[in-house]
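Inside the fold
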Amino acid sequence: MMDKIILAVDQGTSGTKAIVYTPEGVPLAKGFTPVKTNYPASGFVEQSPIEIVSSCIESVKRALENLESATDYNRDDIFSCAITNQRESFLLWDAEGVPLSEVISWQCKRSVDICREIKSAGKAGLIREKTGLPVDPYFSASKLTWLLRNKPALKKRNDVYFGTIDTWLLFFLTGGQRYASDFTNACRTQLFDIHSLAWDHELVYLYEADNIKFPELLPSDAEFGRSDFNGLFKNKLPIHSVIGDSHAAAFGELCFEPGAAKITMGTGSSLLMNVGNKPVKSCSGMAETLCYTAGTETVYALEGIIVSCGSLITWLKDSLGIIEGSADLYSAPGDILDSGGVQFVPALGGLGAPFWKMDEKGSFHGLGFDTSKAQILHSVFESIAFQEVSVIRAMEADAAEIAEMGKNGPLYIDGGVSGNPLIMKMIASLLGRPVHVVLSPDTSPLGAMLLACLGSGIYNSINEIQRLELPRQTYIPTENDNLQKSYHAWESTVKRS
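To keep things clear, this report deals only with the structure shown in the data block. (Residues numbered from 1 in each chain as written. Predicted model: local features only at pLDDT ≥ 70, side-chain atom pairs only at ≥ 80, totals over all residues. Heavy atoms only, no water.)

Here we look at the nonpolar core
- Grouped together as the largest cluster of nonpolar side chains are 136 residues, with contacts concentrated most on Leu7, Phe229, Met265, Ile423 and Ile427.
- No other element matches helix 10 (residues 373-398), which puts twelve residues into this core.
- Residues contacting Ile427, with those up to four places away along its chain left out, are Met265, Ala385, Glu388, Val389, Ile413 and Val435. (Core = buried A, V, L, I, M, F, W, Y, C linked by side-chain atoms within 4.5 Å. Buried < 20%, exposed > 50% of the residue type's maximum accessible area, 1.4 Å probe, protein only. Helix = DSSP H or I, 4+ residues; strand = E, 2+ residues; numbered from the N terminus. Contact = heavy atoms within 4.5 Å.)

In structure tokens, the structure reads:
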């Protein structure tokens, strides 16, 4: 199998990675290009469509150069390509591929009032039933409504193309030949019925987008077209998988059995629990969503979205100066023992699951003249762990009726924050169960690559993929009464706020 290697492109919020893998999941070469995020007004978060495309091409170029300079492989040995991407972010463009909007980020909150309007009209139940998602500006649809209302010229056109980042990249990379997306990206727009696996005309009309074009939808391991990546390859490379980044991470962590769960701890955090071939209704604010689709198999999940995770540590470093130097970004100073009763509500961008208060603001509670910088730092670290624990406990309650699920399912953690041992130990101790940290820092492109192997026939079944051995570090829970008390105090503070 080693003679066939695969290119995976991971277009994320902070930038685009391109990684060349062997089918066994061994990374051979990597390229990365950052992408700027713009904040044109309070609550508005945007990125440039052209910069995202450029970052894709540049990161692939760098990966190919590294492949050819550091290994015996060359670009002609690449057999297939995979794409994974930040999910709810979207944009509009015309038939020629000219952007008609900026990329509206998943972090953007410009449609808070539209969400309130929809709830007041009594439509939240209908939307939840069809999409599995709460009405919230986190998802694409309400921000699409905002664009159409604030750019009325768009409503008069019949050549307006809607797409999440994967669709935009596919359109560009194939020269407009493929206008498509996969089911996992579509299920995050709030315009897609997770039961029928199709765009929902009632929702499209509700969100005032009836004149907009929507992409063809395919399973994540389908062939999505071919591209030479702007001349980087002599022959066009088949794109054998497209999948949203959190779903790709679940696939890359081999969460194939009901009850298996993963936490991706990046800028934000996504917790995904495999619930099998039928959706499970949540009574605790979880999203009912897809885990992955492969061929004719559709696997559902419960998902908890946490808005602020690694971004909190970046804030401590860049805005407050509490962490000094990037080397300390994910390490805990040795003199931190506890938070001294300080609780931090981590709502700098609103609160996601299981609270869903997107208009909430961050706040410290319990500060005194004797509060130290170390205790403030510890309270923020605690809040990161506490958010994850609150979501996992809510998921366990929702899934308790399924025999295979509950507290005994394996829990995997990936993402930049998983490199912080203190936070990992907190999560394990609070849950009273081992947590397995995936040592690969790039599980989303890994998962997309494995799906491309499935789609291209390198692997014949998920069972073959499941036999792969991925390096992990396991954290064992320890008893910590003070930590448990701190968690309950934090939970009460968040609920009061």
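Description of the environment of Asn482
- If you trace the backbone, Asn482 turns up in helix 14 (residues 481-496).
- On the basis of relative accessible area, Asn482 is assigned to the exposed category, the value being 58%.
- Each C-alpha atom of the pair Asn482 and Asp338 lies 8.4 Å from the other, and the pair is 144 residues apart in sequence.

Side note on the pattern of salt bridges
- All chains considered together, the criterion is met by 24 salt bridges.
- The shortest N-O distance in the salt bridge between Glu46 and Arg110 comes to 2.8 Å. Here the residue Glu46 occupies a position in strand 4 (residues 46-47), and Arg110 occupies one in the loop between strand 7 (103-104) and helix 2 (112-120), the gap between them amounting to 64 residues.
- A relative accessible area of 9% places Arg110 in the buried class.
- Of the charged contacts in the structure, one is a salt bridge between Lys234 and Asp76, with a shortest N-O distance of 3.5 Å. (Salt bridge = Lys/Arg side-chain N within 4 Å of Asp/Glu carboxyl O.)

What about helix 2?
- Along helix 2, the residues that are buried comprise Val112, Ile114, Cys115 and Ile118. Mapping the buried residues of helix 2 onto a view down its axis gives an arc of 160 degrees, with all of them on the same face. Within helix 2, the exposed residues directed more than 90 degrees away from the buried face are Asp113 and Ser120.
- Count one or two residues on from helix 2 and you reach Gly122, which has phi positive near 75 degrees. (Arc of directions from axis to C-beta.)

Regarding unusual backbone geometry
- One non-glycine residue, Leu197, lies in positive phi territory at about 55 degrees.
- Note that Leu197 resides in the loop between strand 10 (192-193) and strand 11 (198-199).
- Positive phi, close to 65 degrees, is recorded for Leu254, a residue that is not glycine.
- The class of Leu254 is buried, set by a relative accessible area of 11%.

Quick word on the packing of aromatic side chains
- Counted by the stated rule, this structure contains 26 aromatic pairs.
- A centroid spacing of 6.0 Å and a plane angle of 85 degrees characterise the contact between Trp93 and Tyr179, whose relative ring orientation is edge-to-face. In this pair, Trp93 is assigned in strand 6 (residues 90-93) and Tyr179 in the loop between helix 5 (165-173) and strand 9 (180-182), connecting sequence segments 86 residues apart. In this pair, the class of Trp93 matches that of Tyr179, namely buried.
- Measuring from centroid to centroid gives 6.3 Å for Phe192 and Trp199, while their planes differ by 85 degrees, and the two rings are edge-to-face. The same class applies to Phe192 as to Trp199, namely buried.
- Members of the aromatic cluster, connected to one another through ring pairs, are Phe90, Phe162, Phe183, Phe192, Trp199 and Phe214.
- The ring of Phe79 has Lys4 sitting right over it, with the charged end atom 4.6 Å from the ring centre.
- The ring of Trp146 carries the charged tip of Arg110 above its face, separated from the ring centre by 4.7 Å. (Phe/Tyr/Trp six-rings, centres within 6.5 Å; stacked < 30°, edge-to-face > 60°. Lys NZ or Arg CZ within 6 Å of the ring centre and 35° of its normal.)

Here we look at the environment of Leu483
- Note that Leu483 resides in helix 14.
- Residue Leu483 is classed as buried on the basis of its relative accessible area, which comes to 9%.
- If we ignore the near neighbours within four places in the chain, the residues touching Leu483 are Glu382, Phe386, Met426, Ser429 and Leu430.

Focus: the sheet that holds strand 2 (residues 15-21)
- Spatially, the six strands line up as an open sheet ordered 3-2-1-5-14-13, and their pairing is mixed. The sheet is open, and its two edges are formed by strand 3 (27-34) and strand 13 (226-227), each paired on a single side.
- Note: strand 1 (residues 5-11) against strand 5 (residues 78-85), seven bridges, orientation parallel. Counterpart to Ala8 in the pairing with strand 5 is Ala82.
- In this fold helix 1 (residues 49-70) packs onto strand 1, strand 2, strand 3 and strand 5, with an angle of close to 150 degrees to the strand it touches most, strand 3. (Pairing = 2+ DSSP bridges. Axes fitted to C-alpha atoms, helices over the stretch in contact; angles between N-to-C directions.)

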